[in-house]
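One-letter residues, chain by chain:
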Protein chains: 2
Amino acid sequence: MRNKVYVSELRVPFAEVELADGNAPVRLYDTSGPTDFEQLPRKDWVAARAAAGLPVTQLQCARADIVTPEMEFIAIREGLPAEVVRAEVEAGRAVIPANIHHPELEPMIIGSRFLVKINANIGTSAVTFDVAEEVEKMRWATRWGADTVMDLSTGPSIHATREAIIRASAVPLGTVPIYQALEKVKGDPLKLTWEIFRDTVIEQAEQGVDYMTVHAGVLLAHVPLAADRVTGIVSRGGSIMAAWCLARHEENFLYTHYRELCEIFARYDITFSLGDGLRPGSIADANDAAQFAELRTLGELTSIAWEYGVQVMVEGPGHVPMHKIKENVDLQQELCHSAPFYTLGPLTTDIAPAYDHITSAIGAAMIAMYGTAMLCYVTPKEHLGLPNRDDVKAGVIAYKIAAHAADLAKGHPTAQAWDDALSKARFEFRWQDQFNLSLDPETARSYHDETLPAEPAKTA
Amino acid sequence: MRNKVYVSELRVPFAEVELADGNAPVRLYDTSGPTDFEQLPRKDWVAARAAAGLPVTQLQCARADIVTPEMEFIAIREGLPAEVVRAEVEAGRAVIPANIHHPELEPMIIGSRFLVKINANIGTSAVTFDVAEEVEKMRWATRWGADTVMDLSTGPSIHATREAIIRASAVPLGTVPIYQALEKVKGDPLKLTWEIFRDTVIEQAEQGVDYMTVHAGVLLAHVPLAADRVTGIVSRGGSIMAAWCLARHEENFLYTHYRELCEIFARYDITFSLGDGLRPGSIADANDAAQFAELRTLGELTSIAWEYGVQVMVEGPGHVPMHKIKENVDLQQELCHSAPFYTLGPLTTDIAPAYDHITSAIGAAMIAMYGTAMLCYVTPKEHLGLPNRDDVKAGVIAYKIAAHAADLAKGHPTAQAWDDALSKARFEFRWQDQFNLSLDPETARSYHDETLPAEPAKTA
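Notes on the structure follow. Quick caveat, the model's predicted, so the values are computed rather than measured.

In this model, Pro317(A) is joined to Gly318(A) through a cis peptide bond whose omega is 0°. Position of Gly318(A) among the secondary structure elements: in the loop between strand S11 (312-316) and helix H13 (325-335). Omega for the bond connecting Gly345(B) with Pro346(B) falls within 30 degrees of zero, at 15°, which places this linkage in the cis form. With respect to the helices, strands and loops of the structure, Pro346(B) is situated in the loop between strand S12 (341-344) and helix H14 (356-369). With a phi angle near 75°, His383(A) is a residue other than glycine that sits in the positive phi range. Along the chain, His383(A) turns up in the loop between strand S13 (374-376) and helix H15 (389-410). Its relative accessible area of 23% is what places His383(A) among the partly exposed residues. Non-glycine residue Ala354(B) carries a positive phi angle of around 90°. Within the secondary structure, Ala354(B) is located in the loop between S12 and H14.

Structural data, given as structure tokens:
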């Protein structure tokens, strides 16, 4: 049996797996969120801070030596002392994406000393949009273990879709505001302005978006560095900003207005996810001059955000062969002063479209072992089409595997107990325990029953 | 379009992918085998050597500075000089599993300087057996890229199943003879004798088995080292030999009669696959005293086989967390004098039954990058049931990804051209080229058509 339990008056959720034959129950990290949102303890935490005149952002609190309820919650969740949580946030090595307008949030932390996190992308497009379907995708992704969700909606109903997702979401929600800004100018990048972008950010901030991808590192001078690539610029945000810079021959307005953006982010405690608009789109383009020039700029932008007490994580690739993965982490940690790294995969080969959850789970596990704090999932439909429900699940499961394999390799204090419990159940032929401890109990059970359906085969 | 082409009078097969817009065709390594076996050039090669009084094994030939037709064939296949092939075989760093009674073989090489190879296990069991079905599984596995196949049949019709598979197989066939020997004593390990085992080996040798797993390193003194493990001894061959040693309190007869075995293997040019009967069965047991004690013995056995001119590869784990993977390769290479390493995965976590093709593809890619020459696949049914056709394909594809990712990381001279061709096709929206270059064109095409079915979307 698996049951959801809440620990402490902070109501920290866990999935508790009861085991047979006197084996102690195992508590697993749980991202599935409550079935209702009647209790919103975080509403009071935020209000109390405001009433007491305490700082707004978790980073500002950490610097003031305040252990917030969010930090205490996370400490219980991670099985680590609250002081470690506070100290890592203060140092900028970890972020707690938690907009003050997202009371539904069950706080979580992204940083290399903590459990490796995974993000699932969802969102409507111009072709398909259905608000309820996107909320259901968020629930489905978090049921299987997504730690954050990014709403990458384009097309109509962006605002309403996002509102519905945030109000139903116990995990941090991330967005890429330039996508909505582009809708407002009917898809023409050249019509984008700082003002349109700023207003979009504020609109989303008011809704409670916890972190935002901002492609402020795509500088005019960087764009020519991508000219000789096999696959040019593949990041959508990167392409938009590169087109804007080139057409106007002006510096990226996200870069020139970056300090104003920091002021806005500080008011809501929105976390920067500094986008890697020049990330490589193929094995051939990995670790090239364009990618690393932008990374250097992201390091500068990290320091500036910290001046404002704003939390920062930094995005990374993409497509990288295995022998070039470690360099990405080492350089990001050096140039960005140990801010958390958040990578998309990376895919370790380009030859397997339809299996890029696997080509990238290999790279994701490795890059997380080297210190990446969060992994953006890739589904089997990557490069081919829009993920459906099954694809979302396949992507989340592959990435939970990558993240947990890295937790084991890094020696997170709570990681190996899960493996050991399952290994022991397997060796003792406690089939039900093995299924219940599985990342995907349903599929494990059904695969077993396909060849050995009889109950005795499960208890023998 | 993808077409099979044959190169040189040696008839070296490739899959040639024609590309649009003036892009040069790409030739891919091809394991699918001929549709008929009317031409058996290798029959003449073996006969000519015998007539000329040349040595029998590829290792003996390499030492005598003879470049065999098998080596020339492999040189073309790998895109490397024939002298490199010969020299690597002479040094024991590579093996060419090629029984003189397997004329259907398209020769291939297993060694860290060459393309990483993958093995697919098939075989009947006491529960399900159907000879035609196993032949079809072999064809199916090699169609998707299996470089060798192991027939792990138990139950009735072992001999007939194996005969049918070998006669239809252009890839090397491996077996674990102790499985058939056990059938001959009705499943009671204590009734096993050297004589029964020897006769089984000769029976299989006459049929043309190219390599055999022999658990000669499970010594009586090693067995107690596994007593305190979470998951004891999980290798079937290891369990059989451990039971035999403990019950009789005698040394493993495979170890005591090993030199006789070498004499037999030398007559047929059978390659040893020295089994790791004490491999870990869980994350908790990785890299322990039992595992490494056996590995030390396998190093001794490697040297002895080489005295007889017999080719050797060494099997490895199993279940290993990422941070302990490199030690496995380094120690194996040191203790076994650089003989090729052949590992089962390893799985990098135990928490995901039903997804062990993924948990292990991560470990497989890494261990191959560190120098493992061949990877034994793991299917989604591992630990749960017997793989069906879909599971075989899923396992092979996951392992082709792992192997190719390692080829890229190691810089095999032919590896990256494949990725580059596909990356370029992707960037230029040449959808048909992208599909045809894919590891699994059918699935890539169908995923694309699910969301964007119209032809313009593929050519736009």
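Don't stop here, the text continues.
Inspection of the secondary structure puts Thr297(B) in helix H12 (residues 289-307). Setting aside its immediate chain neighbours within four residues, Thr297(B) contacts Ala216(B), Gly217(B), Leu219(B), His222(B) and Tyr255(B).

All names here are of chain B. Here isoleucine 264 lies in helix H11 (residues 258-268). Looking at isoleucine 264, the relative accessible area reads 5%, which means it is buried. In the structure, isoleucine 264 is positioned 44 residues away from tyrosine 308 in sequence and 9.8 Å away in space, judged by C-alpha atoms. With near-sequence residues (within four places) excluded, isoleucine 264 lies in contact with Arg198, Val201 and Ile202.

Residues and elements named next belong to chain A. Summarising the element assignment, threonine 175 is placed in strand S8 (residues 173-175). The buried category is assigned to threonine 175, whose relative accessible area is 2%. Polar side-chain contacts of threonine 175 include one of 2.6 Å to the side chain of glutamine 204. For threonine 175, the residues in contact, after removing those within four places along its chain, are Met150, Asp151, Arg162, Gln204, Val209, Tyr211, Met212 and Thr213.

Now for the relation of the copies chain A and chain B. Least-squares fitting of chain A to chain B yields an RMSD of 0.0 Å, with the superposition described by an axial translation of 0.0 Å and a rotation of 180°. This pairing of chains is accounted for by a two-fold axis. Taking C-alpha positions as reference, the residue of chain A nearest the rotation axis is Ile362(A), located at 2.3 Å. Both copies present the same face, since 100% of the interface residues in chain A are matched by interface residues at the equivalent positions in chain B.

Residue and element names in this part refer to chain A. Structurally, glutamine 332 can be placed in helix H13. Using a relative accessible area of 0% as the deciding quantity, one classes glutamine 332 as buried. C-alpha separation for the pair glutamine 332 and aspartate 188, spaced 144 residues apart in sequence, amounts to 32 Å. Sequence-distant contacts of glutamine 332, that is, excluding residues within four places in its chain, are made with Leu295, Val314, His337, Ala339, Pro340 and Phe341. A distance of 2.7 Å separates a polar atom in the side chain of glutamine 332 from a polar atom in the side chain of glutamine 333.

Parameters at a glance
Residues numbered from 1 in each chain as written. Chains lettered and ligands numbered in written order. Predicted model: local features only at pLDDT ≥ 70, side-chain atom pairs only at ≥ 80, totals over all residues. Heavy atoms only, no water. Helix = DSSP H or I, 4+ residues; strand = E, 2+ residues; numbered from the N terminus. Buried < 20%, exposed > 50% of the residue type's maximum accessible area, 1.4 Å probe, protein only. Contact = heavy atoms within 4.5 Å. Polar contact = N/O pair within 3.5 Å; in protein donor to acceptor, adjacent residues only side chain to side chain. Least-squares fit on C-alpha atoms with pLDDT ≥ 70 in both.

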